[in-house]
Amino acid sequence: MLLRPRQKLFVERSLAALSTRDNTLGVAPTGAGKTIMLSAVTGRMTGEGAKACVLAHRDELTSQNRAKFARVNPDMETSVVDATTKSWNGQVTFAMAPTLARAANLAAMPKLDLLVIDEAHHAVAESYRRIIDRVRDANPDACVFGVTATPNRGDRKGLREVFDNVADQVRLGELIASGHLVPPRTFVIDVGVQDQLRAVRKTADDYDVGAVAAIMNRAPITEEVIRHWEEKAGDRQTVVFCSTVAHAVDVATAFNEAGNPAAVVLGDMGSTERKMVLEAYASGEVQVIVNVAVLTEGWDHPPTSCVVMLRPSSYKSTMIQMVGRGLRTVDPAEHPGVVKTDCIVLDFGISSLTHGTLEQDVDLDGRDPTPGEAPTKTCPECEAEIPLASRQCPICGYEFPRGSVTAPIENVVLSEIDLLKRSSFVWEDLFGDDAALMASGFNAWGGVFFLEGRWHAVGGAKGLPPVAVKHRVSDCKETRQATTAGLQTRHGSGWERMGCGIRWETLGRMALIRITDPRAGVNACG
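Residues numbered from 1 in each chain as written. Predicted model: local features only at pLDDT ≥ 70, side-chain atom pairs only at ≥ 80, totals over all residues. Heavy atoms only, no water.

S.K.: Just checking my understanding: could you explain the pattern of salt bridges for this structure?
M.R.: When charged atoms on two side chains of opposite charge get close, those side chains can pair. All told, the structure shown has 18 salt bridges when counted by the stated rule. A single salt-bridge network, built from bridges that share partners, covers R6, R13, D168 and E174. (Salt bridge = Lys/Arg side-chain N within 4 Å of Asp/Glu carboxyl O.)

Here's what the structure looks like:
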């Protein structure tokens, strides 16, 4: 099988890293051909009788990986270790991690020269660590090779304890520019709940799903979802991501009642039932497939050309995985008559606004999770601060009226954004009044502040001293709104837009910030 030029480069860089180290990580988004590339690396590493194991966390991935490996290495013998079969007879064995991690199966594992981990962001999980440790104990010289699209885990736990280097990273923009992925066309639809979603408590896993469902699983919102979907993507095969099972069932029911064939895929479904639902979607019998964290990774149906996000994600990796379900191109031989030039993304939450871009920088060290404070509200009788979800004040007994679930939603705002060009910085409004904003990335940081009639900007790049400027404005409120609207930046050289009124440039050892008044041109720089 012939590899594409970018795939060949990925393979060569991975092999080069493994020639001098005992581990390496390769990062590539959906559509890059991760399985093809890991198969090529594995084939080259086991060419002289060495023994390898390819790990995956689900049965479907194990069988997919084995089939694609055979296309790349047709003469190499393979075997399987899963719930029903446990054979190490092949030179390369494809194993399901939960099965292999059991003590009896680990004891039966032979000495390996190479351990390959698909979806390698799982590599620091306890079950994977047991497997890795067993491989290292049996052969201290064994190599560990991981491949993933999302190296930055949702729980902020770094991968450095397994991988201390990154051999190569294929960027999403590269694949779209080369025609191997379609571009996302993203619409953020504000149905009046963005502030409520931002206030939802964050746990170690993500936003509190019950609180999210209480906000999103309401008939008026679902009606808006279907209305916008019919306007923007009514003729497209669509995957919908919800927060809870009840939410998913209600959304699918609403789609069906509106005349749009929909089905639900749930985590507790039996494999036979799940397969039937997915086959109905693949055949076109079902147009809309609704799920709760089941189809986030390891599932693809290339004709899918619309992604609907009805849940926020506090983790960028989850957003990337959800959007990625719709970015694959269509092979005319496999799907004759299907034309796909882009993917419509309808975000009814805050993920796109929070994370800004689908591109990501790899951080092997990760960060500790920082759950947000639980949201509260003020009792109108005794003015006590109580949990937001409370129906009755525990202090004075005041009964909160239940909000109507049938009132129509007014002032729905739809905005189209570019998820490939938005900032990889996340701007934080420190005090909620647009007067103090801070952002930081891996290589630079910046801040914009309004104080006593002047705009102040300060920022710095990695290894450079900070610079600061200030600018006096005549109409403070109007200019502040104009200047801070849509603040964004990105890494790289040359002028980089931080907003309609602020620009940043790095020139050698000097960092330059330029502040402009939209009505009067350049006013200050430094």
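Continuing now.
S.K.: What is the right way to look at the pairing of strand β11 (residues 288-291) in this model?
M.R.: Working note: regular strand, side chains alternate between the two faces of the sheet. Side-chain alternation along β11 places V288 and V290 on one buried face and I289 and N291 on a second face that is also buried. For strand β9 (residues 238-241) and β11, the ladder comprises four bridges, and the chain directions are parallel. In the strand pairing of β11, F241 is matched with N291. Across four bridges, the pairing between strand β10 (residues 262-265) and β11 is parallel. Its bridge partner lying in β11, A262 is registered against V288. Viewed along the sheet, the connection from β10 through helix α12 (residues 271-283) into β11 turns out right-handed. (Buried < 20%, exposed > 50% of the residue type's maximum accessible area, 1.4 Å probe, protein only. Helix = DSSP H or I, 4+ residues; strand = E, 2+ residues; numbered from the N terminus. Pairing = 2+ DSSP bridges. Right-handed = clockwise from strand over helix to strand, strands pointing away.)

S.K.: I would appreciate a short explanation of the sheet that holds strand β5 (residues 114-118) in the present structure.
M.R.: Either a parallel or an antiparallel arrangement is found when strands of a sheet pair, and the pairing is made through backbone hydrogen bonds. Reading across from one edge, β3-β4-β2-β5-β6-β1-β7 is the order of the seven strands in this open sheet, with parallel pairing throughout. The open sheet has two free edges, formed respectively by β3 (78-81) and β7 (166-169), since each of these has just one partner strand. Taking each pair of neighbouring strands and ignoring which way they run, the sheet shows an average axis angle of 15°. Those strands touched by helix α2 (residues 34-45) are β2 (52-56), β4 (92-96), β5 and β6 (143-148), and its axis lies near 165° from that of β6. Packed onto the sheet, helix α3 (residues 59-72) meets β2, β3, β4 and β5 and runs at close to 160° relative to β4. (Axes fitted to C-alpha atoms, helices over the stretch in contact; angles between N-to-C directions. Contact = heavy atoms within 4.5 Å.)

S.K.: Would you mind going over the environment of T318 with me for this structure?
M.R.: Of note, T318 is situated in helix α13 (residues 316-324). Separated by 165 residues in the primary sequence, T318 and R153 place their C-alpha atoms 8.7 Å from one another. Discounting residues that sit within four places of it in the chain, T318 has contacts with D206, T296, R311 and S313.

S.K.: Sorry if this is basic, but what is going on with the side chain of D342 here?
M.R.: Among the secondary structure elements, D342 is positioned in the loop between α13 and β13 (343-347). Polar contacts involving the side chain of D342 include one to the side chain of R236, which spans 2.9 Å. Dropping the residues within four chain positions of it, D342 is found in contact with V182, P183, R185, R236 and S305. (Polar contact = N/O pair within 3.5 Å; in protein donor to acceptor, adjacent residues only side chain to side chain.)

S.K.: What am I meant to see in a negative patch on the surface here?
M.R.: There is a patch of like negative charges on the surface, built from E428, D429, D433 and D434. Summarising the element assignment, D433 is placed in the loop between β17 (428-429) and β18 (436-440). (Patch = residues over 30% accessible without salt bridge, like charges linked within 9 Å, V, L, I, M, F, W, Y side chains within 5 Å. Areas by Shrake-Rupley, 256 points an atom, 1.4 Å probe, with all protein chains shown as cover. Lys, Arg positive; Asp, Glu negative; His and termini not counted. Charge placed at Lys NZ, Arg CZ, Asp CG, Glu CD.)

S.K.: Honestly, the packing of helix α1 (residues 5-20) against α2 in this entry has me stumped. Any pointers?
M.R.: If you want to describe how two helices pack, look at the angle between their axes and the distance between the axes. Running from N to C, α1 and α2 cross one another at 45°; their axes reach a closest spacing of 9 Å. Between α1 and α2, the angle falls in the class oblique. Our pair here, α1 against α2, has a crossing hand that is right-handed. Here α1 contributes Q7, F10, V11, E12, S14, L15 and L18 to the contact with α2, which in turn contributes I36, M37, A40, V41, R44 and M45. Class assignment of the residues belonging to the contact of α1 with α2 gives a composition of nine nonpolar, two polar and two charged. (Parallel < 35°, antiparallel > 145°, perpendicular 65-115°, else oblique. Left-handed = near helix turned anticlockwise from the far one by under 90°. Nonpolar A, V, L, I, M, F, W, Y, C, P; charged D, E, K, R; others polar.)

S.K.: What is the right way to look at the pairing of β5 in this model?
M.R.: The element β5 is largely enclosed, with a buried count of five among its five residues. Residues L114, V116 and D118 line one face of β5 and the alternating positions L115 and I117 line the opposite face, and both faces are buried. With four bridges connecting them, β2 and β5 associate as parallel partners. Within β5, the position partnered with V54 by the bridge is V116. One ladder, built from five bridges, connects β5 with β6; its direction is parallel. Each residue of the ladder has a partner; that of V116, found in β6, is F145. In terms of handedness, the path from β5 via helix α6 (residues 126-138) over to β6 forms a crossover that is right-handed.

Purely spatial values, then, with no claim about function.
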